[in-house]
Number of protein chains: 2
Amino acid sequence: VQYIDELETPTPVVDLDIVEANLRKMQAYVASHGLRFRPHIKTHKVPELALRQVQLGAQGITCQKLGEAEVMADAGISSILLSYPLVGIGKTERLGSLASRIQMTVAVDSPEALETASRSSQISGAEIGVLVEFDSGAGRTGVVTAAEALDLATTVLETRGLRFDGLMTYPLTEQSSRFFGEAASLFARAGIEIPAFSGAGTPEAWSSHLTPGLTEVRHGSYIYHDRTSVGAGAATLAECALHMLATVVSRPTPERFILDCGSKSLSSDRVPEPFGKGFGLILECPHAVIERLYEEHALATVQPGEAAPRIGERVRVVPNHVCPVSNLHDEVAIARGVRFEGFLRVAARGKTR
Amino acid sequence: VQYIDELETPTPVVDLDIVEANLRKMQAYVASHGLRFRPHIKTHKVPELALRQVQLGAQGITCQKLGEAEVMADAGISSILLSYPLVGIGKTERLGSLASRIQMTVAVDSPEALETASRSSQISGAEIGVLVEFDSGAGRTGVVTAAEALDLATTVLETRGLRFDGLMTYPLTEQSSRFFGEAASLFARAGIEIPAFSGAGTPEAWSSHLTPGLTEVRHGSYIYHDRTSVGAGAATLAECALHMLATVVSRPTPERFILDCGSKSLSSDRVPEPFGKGFGLILECPHAVIERLYEEHALATVQPGEAAPRIGERVRVVPNHVCPVSNLHDEVAIARGVRFEGFLRVAARGKTR
């Protein structure tokens, strides 16, 4: 196989030229604004790409789960931020084991998560950095008041083996700035310095530098981009590095055709209405709407009289959200333009623990 | 580890006692109505469970993709129906290779898919069974008129190496009966016998025998069941064999808690509104609603004053749709009640091709 056109479908195809351009563009942006960069590898889950991110200037990487961090540490990454509360059976030993061989930083938003970090440090004898996570309006994880952040930071400072690294949030919103401002005053009154303020989110990536006090970003999707990036104005379609190569396997009526890439290939993630309709954008037939996804079927429709691909034709689909796509596939095909260059193993796929 | 309670989370846990009861119940049902049974293995994707289905009386299994069939053939399954149109590069050789070692039947809904079967038979020298798929109202794959079905069947009968096995559809609806009735008359006038009529769909499984002319079913979800089964009245919660064991990792406010099982563990599949709200049912806190799923976060809310689990507590989540859950995990923990009995590899996971 020499060309993408000869690959069996469905196959996620990553264009390495576009990846390289995306990596360099974001690295240049963060460097020009003096921001530290710890890209989130959940988007690609490929050690080779994480190493490239570091080689181009990233100060380390961000992972969501210990299993991802273990894969990346094994591959030679030496500094990892785990931006997820670590609570529960088994987490302490695994974090300790990681901290004994590489530089580990963890996010906490509760005394329980802090306790995991503290015990991990005791077990391993290694220092562990701690970022206190606050909620900037997503209503997900993160403390909701600056006073809680101060409490947690104070405990970190009093805990042997832990290092207070600062505050973090996701995504970056107006509320992040408000919260950080409030926290900065409160921490100053308590005589505590906030060494870093870390934010993330590709859709607003190019205005990260406008957040007062921000010192670090953890953007992830920017390496591949997707329909969400494009809808948010953070990328063009030409900057989308991953597409799903698919084949039309059925066309029961002139207005309906079925692609062989269902939710097992694309995930069933949606995009906000203004970003586009359906479960992905078909580059060769952008007027078609992928109305429904079954596990192995993408059901697309066109309006009466509109053109649609025939059975056996191949198309490329830009996913709504690219991160879960990486998680669904053991490997991605790599390409430069139409040339096929092999497969990359998605080694950190499926690491939910 | 001896007990489920000692497992790290998130982990899908399958209760083998419930599985066994579900398998026996459906097998008894189909036997009592004289229906042939080719259970769809997309629900579990575990060869050991497919072998058990056959051991209990199934005449073979159903797979959706060649990659699944290859795994199951390697494990010793000797008769497989591929209920998916095979079109595109590489499919011919792989189907031929399977047909040369086990009994293969394929579904077709177009001349192109029929051509794949025909060429596969030529390559392998093996006979391949063909079911013509018709659309019973889902508006997915399948021919939409009885005349098209007759055309395809006629071509099958004229093609050396192919055997016309009958008609199939999914799901079973009133329209299936109407379509089959029409087709039966048309085929009879053409002097063509329809050897089998195959239908599927766990939600309506227990009324399968009411479909006139039906000779075979391909139900899948019945082995595990899920919130869709329960919502449709096809199972009780106690018959749900797979749950996601999860830990509360954050509780930013009294009304909001976060579980460590996001869409990477549960998939983002939904259920119809009358079946329940949110992305899964938390057995220990059924009044909570999993409002949003991120890749690693399940965000659940309760009403002010309602009880909610604390950070570190473990809960069990019944998935909305269990089939994509199997596809997300390399292995499932197996249990009998609270006892942990090991892991089963989900060997046919991720086989999108």
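Residues numbered from 1 in each chain as written. Chains lettered and ligands numbered in written order. Predicted model: local features only at pLDDT ≥ 70, side-chain atom pairs only at ≥ 80, totals over all residues. Heavy atoms only, no water.

Caption draft 1: Structural detail: unusual backbone geometry. Following Tyr-170 of chain A, the chain continues to Pro-171 of chain A via a peptide bond in cis, the omega torsion being -10°. By secondary structure assignment, the location of Pro-171 of chain A is in the loop between strand 7 (162-168) and helix 7 (174-189). In this structure, the amide linkage connecting Thr-9 of chain B to the following residue, Pro-10 of chain B, adopts the cis form with an omega of -5°. In this fold, Pro-10 of chain B is placed in the segment before strand 1 (11-15). The phi dihedral of Ser-267 of chain A is positive, around 70°, even though this residue is not glycine. Here Ser-267 of chain A shows up in the loop between helix 9 (263-266) and strand 12 (281-282). (Helix = DSSP H or I, 4+ residues; strand = E, 2+ residues; numbered from the N terminus.)

Caption draft 2: Structural view of the relation of the copies chain A and chain B. When chain A is fitted to chain B, the best match, at an RMSD of 0.0 Å, comes from turning it 180° and sliding it 0.0 Å along the axis. Seen this way, the second copy is the image of the first under a two-fold rotation axis. Minimal C-alpha separation from the rotation axis in chain A is found for Ser-268 of chain A, amounting to 3.0 Å. A share of 100% of interface residues in chain A that are also interface residues in chain B marks the association as one of identical surfaces. (Least-squares fit on C-alpha atoms with pLDDT ≥ 70 in both. Contact = heavy atoms within 4.5 Å.)

Caption draft 3: Here's a closer look at the side chain of Thr-211 of chain B. Looking at the secondary structure, you find Thr-211 of chain B in the loop between strand 8 (197-199) and strand 9 (216-217). Once residues within four sequence positions are removed from consideration, Thr-211 of chain B is found in contact with Leu-172, Ser-177 and Phe-197 of chain B.

Caption draft 4: Seen up close, the sheet that holds strand 3 (residues 61-63) of chain A. Residues and elements named next belong to chain A. Pairing in this open sheet of eight strands is parallel, and the strands run 2-9-8-7-6-5-4-3 from one edge to the other. The strands lining the two open edges of the sheet, one partner per strand, are strand 2 (36-37) and strand 3. Relative to strand 9 (residues 216-217), strand 2 is paired through two bridges, and the arrangement is parallel. Paired with Phe-37 across the bridge in strand 9 is Val-217. Each of strand 5 (103-108) and strand 6 (128-133) touches helix 4 (residues 91-99); the most contacted strand, strand 5, lies at about 140° to it. (Pairing = 2+ DSSP bridges. Axes fitted to C-alpha atoms, helices over the stretch in contact; angles between N-to-C directions.)

Caption draft 5: Quick look at the side chain of Thr-301 of chain A. Residue and element names in this part refer to chain A. Structurally, Thr-301 is set in strand 14 (residues 298-301). At 2.7 Å, the side chain of Thr-301 and the side chain of Glu-291 are in polar contact. Look past the residues within four positions of Thr-301 in its chain and what remains in contact with it is Glu-255, His-287, Ala-288, Val-289 and Glu-291. (Polar contact = N/O pair within 3.5 Å; in protein donor to acceptor, adjacent residues only side chain to side chain.)

Caption draft 6: Quick peek at the interface of chain A and chain B. Taken together, the 68 residues of chain A in the interface contact 68 residues of chain B. Across the chain A to chain B interface the summed buried area is about 5,200 Å²; carbon plus sulfur atoms make up 47%. Applying the counting rule to chain A against chain B returns 14 salt bridges. Taken together, the connections running from chain A to chain B amount to 34 residue pairs in polar contact (both at pLDDT 80 or more). The element that contributes the greatest number of residues to the side of chain A that touches chain B is strand 10 (residues 242-253) of chain A, accounting for six residues. Taken together, the residues that form the side of chain A that touches chain B break down as 19 nonpolar, 21 polar and 28 charged. (Buried area = accessible area lost by both parts, 1.4 Å probe. Salt bridge = Lys/Arg side-chain N within 4 Å of Asp/Glu carboxyl O. Nonpolar A, V, L, I, M, F, W, Y, C, P; charged D, E, K, R; others polar.)

Caption draft 7: Examining the packing of helix 6 (residues 146-158) of chain A against helix 7 of chain A more closely. Residue and element names in this part refer to chain A. Between helix 6 and helix 7, whose axes approach to 9 Å, the crossing angle comes to 50°. Classified by the angle their axes make, helix 6 and helix 7 are oblique. Once helix 6 is placed against helix 7, the crossing between them reads as right-handed. Side by side, helix 6 and helix 7 meet where Ala-146, Ala-147, Ala-149, Leu-150 and Ala-153 of the first sit next to Phe-179, Glu-182, Ala-183, Leu-186 and Phe-187 of the second. Considered class by class, the residues forming the contact of helix 6 with helix 7 number nine nonpolar, no polar and one charged. (Parallel < 35°, antiparallel > 145°, perpendicular 65-115°, else oblique. Left-handed = near helix turned anticlockwise from the far one by under 90°.)

Caption draft 8: Spatial organisation of the pairing of strand 13 (residues 289-293) of chain A. All names here are of chain A. Pairing analysis gives four bridges linking strand 13 to strand 14, with the strands arranged antiparallel. Along strand 14, the bridge assignment pairs Leu-293 with Ala-298. Adjacent in sequence and paired antiparallel, strand 13 and strand 14 are bridged by four residues.

Caption draft 9: Structural view of helix 7 of chain A. All names here are of chain A. With 16 residues, helix 7 ought to run about 22 Å at 1.5 Å a step, and its terminal C-alpha atoms sit 23 Å apart, in line with that. Burial in helix 7 covers these residues: Ser-176, Phe-179, Phe-180, Ala-183 and Phe-187. Along the axis of helix 7, the buried positions cluster into a sector of 100°, meaning they face one direction only. For helix 7, exposure combined with an orientation more than 90 degrees from the buried face picks out Glu-174, Arg-178, Glu-182, Ala-188 and Arg-189. The secondary structure elements touched by the buried residues of helix 7 are helix 6, strand 7 and strand 8 (197-199). N-cap assignment for helix 7: the residue whose side-chain oxygen lies 3.2 Å from the backbone N of Gln-175 is Thr-173. Gly-191 sits one or two positions beyond helix 7 and adopts a positive phi of about 75°. (Expected span 1.5 Å × (residues − 1). Buried < 20%, exposed > 50% of the residue type's maximum accessible area, 1.4 Å probe, protein only. Arc of directions from axis to C-beta.)

None of the figures reported here should be taken as evidence of function without further support.
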